[in-house]
Amino acid sequence: MILMLKSLFIRLSGLMVLLLIGSETFGQQATVRIIDAKTKEPVPYAHVCFQSIKSDVQTHFVTDFKGQVPNEIKETSKVAISYVGYETYIDTIQPGTTYTLMLVPAVLNMSEGVVT
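Residues numbered from 1 in each chain as written. Predicted model: local features only at pLDDT ≥ 70, side-chain atom pairs only at ≥ 80, totals over all residues. Heavy atoms only, no water.

> Please give an account of the sheet that holds strand β2 (residues 47-52) that cites residues and values.
Pairing within the open sheet is antiparallel, and its 4 strands lie in the order β3-β2-β5-β6. Each edge of the open sheet is held by one strand with a lone partner, namely β3 (58-62) and β6 (89-93). Looking at each pair of strands side by side, their axes are set apart by 20° on average, direction ignored. Both β2 and β3 contribute to a ladder of 5 bridges, which runs antiparallel. When the bridges of β3 are listed, Phe50 appears paired with Thr59. (Pairing = 2+ DSSP bridges. Helix = DSSP H or I, 4+ residues; strand = E, 2+ residues; numbered from the N terminus. Axes fitted to C-alpha atoms, helices over the stretch in contact; angles between N-to-C directions.)

Written out as structure tokens, the structure reads:
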């Protein structure tokens, strides 16, 4: 009985060590972070479209409150990012890489008017 408990304890200890090592190894996920080019603040709720260059398969995401989406692409892809009030950003990215991309605010020039 005691021998069985020791064996069980050793197995559970080994399993815990493997789980801790695995969480450290796989804990860092590649992300794409979107920030404002002028203020350097995150842009939450921006639309991000990943399109595979080889197969034209598209995946769509919306950034979280930190301006981030996971970079889960499996091959080189085109990314298009859009948000109201900003110029659309288009570039090519690699899988498994973390990026910080900047959206440039769109300049909306309005002529001055005088109210009397």
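There's plenty left to go through after this.
> Could you give an account of the sheet that holds strand β7 (residues 99-103), with specific residues and numbers?
Reading across from one edge, β4-β1-β7 is the order of the 3 strands in this open sheet, with mixed pairing throughout. Of all strands in the sheet, those bounded by a partner on one side alone are β4 (68-70) and β7. Across the sheet, the mean angle separating the axes of adjacent strands is 25° when strand polarity is ignored. As paired strands, strand β1 (residues 31-36) and β7 are joined by 5 bridges and run parallel to one another. When the bridges of β7 are listed, Asp36 appears paired with Leu103.

> Mind laying out the layout of surface pockets, listing which residues take part and the relevant values?
In this model, the largest pocket occupies a volume close to 170 Å³. In terms of lining residues, the largest pocket is bounded by Phe50, Gln51, Ser52, Ser55, Val57, Thr59, Phe61, Glu72, Ile73, Lys74, Glu75 and Ser77. Examining the composition of the lining of the largest pocket, we find that 3 residues originate from one element, β2, more than from any other. (1 Å grid on protein atoms, 1.4 Å probe; cavity = no way out; pocket = protein on both sides within 12 Å on 5 of 7 lines; lining within 4 Å. Points joined across faces, edges and corners; volume = space filled by probe spheres on them.)

> Go over the nonpolar core with me, naming the residues and quoting the values.
Core analysis: the largest hydrophobic core is formed by 15 residues, its most contacted members being Val32, Ile34, Phe50, Val79, Ile81, Ile93 and Leu101. Contributions of two or more residues to this core are made by β1, β2, β5 (77-82) and β7. The element that contributes the greatest number of residues to this core is β7, accounting for 3 residues. (Core = buried A, V, L, I, M, F, W, Y, C linked by side-chain atoms within 4.5 Å. Buried < 20%, exposed > 50% of the residue type's maximum accessible area, 1.4 Å probe, protein only.)

> Give a detailed account of the packing of aromatic side chains, specifying residues and quantitative values.
Using the criterion set out here, one finds 2 aromatic pairs in the structure. For the ring pair Phe50 and Phe61, a centre distance of 5.8 Å and an interplane angle of 75° mean the geometry is edge-to-face. Pair noted here: Phe50 is in strand β2 and Phe61 is in strand β3, with a separation of 11 residues, a long-range link. Centre to centre, the rings of Tyr83 and Tyr86 are 5.8 Å apart; their planes meet at 50°, and the pair counts as tilted. (Phe/Tyr/Trp six-rings, centres within 6.5 Å; stacked < 30°, edge-to-face > 60°.)

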